[in-house]
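# A look at the structure
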Amino acid sequence: MKKLRVLILLILSFYSLNIYSQNIIEGQISYSNDLGENTPLIGVSIYWKDTSIGTLSDIDGKFKISKTNLTNELIFKFLGFNDKLINVENHNFLNIIMTENENTLDEVIVNKKKKTLQKSYFKTQNITNVSSDELLKAACCNISESFETNPSIDVNYSNAITGVKQVKMLGLESPYLLITEENIPMIRGASQVYGLSFIPGTWVESMQITKGSGSVVNGFESISGQINVELKKPYSDTPFFINVYSNTMGRNEINLHANKIINDKLSTGFYLHGNKNSNINDKNNDGFLDNPKSEAFNFFNRWQYINPQKGTVSFFGIRYMKDEKIIGENITKFDLNDKVREPWIGEINTNRFDSNFKFGYVNPSIPYQSLGFQMAYSNHDQDSFFGIRKYDINQRSFYSSIIYNSIIGNTLNKIKLGLNYSYDDFDETVDTQSSLIEKFSDVFYNRIDKSIGGFFEYSYDSMDAVSLIAGIRYDVHNNLGNFFTPRIHFRYQPFEKSVFRLSLGTGRKSSNIFSENQNVFATGREIKILNNSGKFYGLEPEKAFNYGISFRQGFFINNREADITFDYYVTDFDNQVVVDWETQGEFSFYNLDGKSFAKSLQVDFEYDINDNILLKSTYKNFNVKKQYKSGFYQNPLTPKNRFFTNIEASTNESKNGSKWKFDLTYNWIGKQRLPSHSELDDFNGNSPSYSLINSQITKVYSDKFEIYVGGENIGGYSQSNPILGNPFGTDFDTSLIYAPIHKALFYVGLRFNN
């Protein structure tokens, strides 16, 4: 009832804030690019003539500034463009088109640096835009390693032998996130564990991280949020790019981009990625490789067609990826003549093919009307064994969607409606044996998921004090049934630098219990499924309700911009597949019988110390609990408290484009509850807290060439006993990982583009 009163109060405020807008000038700033399209300009200086009262345009080129009695003349200034002086006496909204200055000025101009993580006061949803420059601040060889400098995403190893990192948001694991590639569902099912590591970081143009239930346009699966990855476009990407990377653990990588503009409408790009690690590392002397021996190849060819006169744009792409990993004991130190037992080794071999097509049409005479169509096919094949356990999975997927955008009455009232169709065919072979003594027990699973859904979304898209997005979708699913998914997002901006956001929505997902929890195969635990009436391995599907509120306040410290953000989100599960590690030697799956929730509090502080130094600091508190068979506990391996600080610095750029860039990230990870294991009794149920430091220094020689060096876990903290028990006993466990498994790692690399 309390939540309903809050929502009613916010909606009623929509009708009572018109007086505020009369004292505000709002607008949109853009410029005409080479294709004749209006492109938003970020960071334009807007200020009243002969005053120090001003603001900057945001990531969408939007701005808002309070009126003053001192003058009616507003100045717009941006490096490389002609200044504009506008008399705004009779205007409350301005649409500003900036024109490029063709003259080269022989003078030094100090301009505000574009932030690599950007949040808008005007967007209705709680979205952080991550630019490609942010990905360069760490040795981001793939997407799973690109979140180390991002305070919204938590990253940690999923086990002690595969070297794969998993991400969490709002205290929940990645399966509860909708991870899309240009709004096409991508990391799901068979690719859930390793999929992020299959997308090279250099291929990424930007990412959008959305907290909360997301939009109904993208489906029903988003529960805690969405990560959308935008890939580079052949027309706008550099003609040639190379990135080379090497680290002290023996990992070597290379990325090559080659783009060709064939004519004014057609362009194509070829993207290659390769990595190899043939080193044998066992720095902690536990007999197991600290990281797998691996080799991977990734190829992507993309075509782009643009016809601005007819209002059409289309993309077609094909991609092939092959990844091989060798894991387990260091056989060079293993006495093969010892007949007591065989070495514990494993392999994970993955082949994946993707193809996609996208088409968009914008009515040239009615630009607020548009139609979009996209479809994608993928075949993901993984053959693997972990010691004596076998796990194979093949997933063939098809996805298509069509979406229509228009308005109701005026451009403030926008609508989206459309259809999604998805098809997934899963084939799995699972070996549930837990020791050498037991017989082989391969179990075969086959499942086909088919769904078609329609959606409608209304948005009141105003830069005034209030904006709203309300959507609903209805899906028909062969295994989940027929159901509605409602979602709502609300923004209230009482002052120029103050904004409240509210989101409410439901989400559902079908659990792929083995592909999402592959760390179980690197243990000696017996696998148990305690339900048998559902359509997903005998289990019922998951359903949750997510709601949250966010408040952001901007201010000045010593005339420098700063802001603080408070995010509080709650996910309540009506049904959940409980992954139970609580009994040593067992790994159980069953449906929730009781309560389960994830409560996340995040406080962000950001401060521009000067033109060249940016400070970001974050505190996070997670209260994530669920009902297990043995009791109501905090989620294991989930720290209740985390602290994050990042300092980004650079020198002034010289005339030839050279400069230095520095980045330092500090993470403090609090205690984590540990499941019961005889070799962890000394911890009394909780891991120790610890600190991590990562840093990178980049020397930019010009806009074409740069060299970078850096280190991860510079302090050298590592988990002392990541491998537990006898490799072929029921007490064997590599999944209880609360800290890094290797000490300090250092790397070097270079980037060149032409």
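This text follows the structure it describes.
So, here is what we can say about the structure in this document. (Residues numbered from 1 in each chain as written. Predicted model: local features only at pLDDT ≥ 70, side-chain atom pairs only at ≥ 80, totals over all residues. Heavy atoms only, no water.)

### Topic: the pairing of strand 30 (residues 498-509)
- Among the 12 residues in strand 30, 11 count as buried, and that is most of the element.
- Examined bridge by bridge, strand 29 (residues 481-495) and strand 30 share 7 bridges and lie antiparallel to one another. The residue bridging His489 from the neighbouring strand is Ser503, located in strand 30.
- The pairing of strand 30 with strand 32 (residues 542-557) spans 12 bridges and is classified as antiparallel. By the bridge assignment, Arg501 is partnered in strand 32 with Ser550. (Buried < 20%, exposed > 50% of the residue type's maximum accessible area, 1.4 Å probe, protein only. Helix = DSSP H or I, 4+ residues; strand = E, 2+ residues; numbered from the N terminus. Pairing = 2+ DSSP bridges.)

### Overview of the packing of aromatic side chains
- Inspection of every chain in the model, using the stated rule, returns 37 aromatic pairs.
- On the basis of an interplanar angle of 50° and a centroid distance of 6.4 Å, the ring pair of Phe398 and Tyr421 is categorised as tilted. You can see Phe398 sitting in strand 25 (residues 389-408) and its partner Tyr421 sitting in strand 26 (residues 410-431), a full 23 residues away along the chain.
- We classify Phe398 as partly exposed; its relative accessible area is 30%.
- One aromatic cluster is present, built from ring pairs that chain together Phe386, Tyr391, Tyr445, Phe514, Phe521, Tyr537, Trp581, Phe587 and Phe589.
- Just above the ring of Phe241 sits the side chain of Lys232; from NZ or CZ to the centre is 5.6 Å.
- When the ring centre of Tyr121 is taken as reference, the NZ or CZ atom of Arg552 above it lies at 4.1 Å. (Phe/Tyr/Trp six-rings, centres within 6.5 Å; stacked < 30°, edge-to-face > 60°. Lys NZ or Arg CZ within 6 Å of the ring centre and 35° of its normal.)

### Section: the sheet that holds strand 13 (residues 172-173)
- Sheet architecture is open: 3 strands sit in the order 11-12-13, paired in antiparallel fashion. For this open sheet the edge positions go to strand 11 (154-157) and strand 13, each flanked by a neighbour on one side alone.
- Relative to strand 13, strand 12 (residues 165-169) runs antiparallel, the two being bridged by 2 bridges. From the neighbouring strand, Met169 faces strand 13, where its bridge partner is Leu172.

### Some details on the environment of Asn753
- For Asn753, the location among the structural elements is in strand 43 (residues 745-753).
- Taking C-alpha positions, Asn753 is 8.1 Å from Asp703, a pair spaced 50 residues apart along the chain.
- Once you skip the residues sitting within four places of it in the chain, Asn753 turns out to touch Thr238, Phe240, Phe241, Asp703 and Lys704.
- At 3.2 Å, the side chain of Asn753 and the backbone oxygen of Asp703 are in polar contact. (Contact = heavy atoms within 4.5 Å. Polar contact = N/O pair within 3.5 Å; in protein donor to acceptor, adjacent residues only side chain to side chain.)

By themselves, these are just geometric observations and shouldn't be taken as functional.
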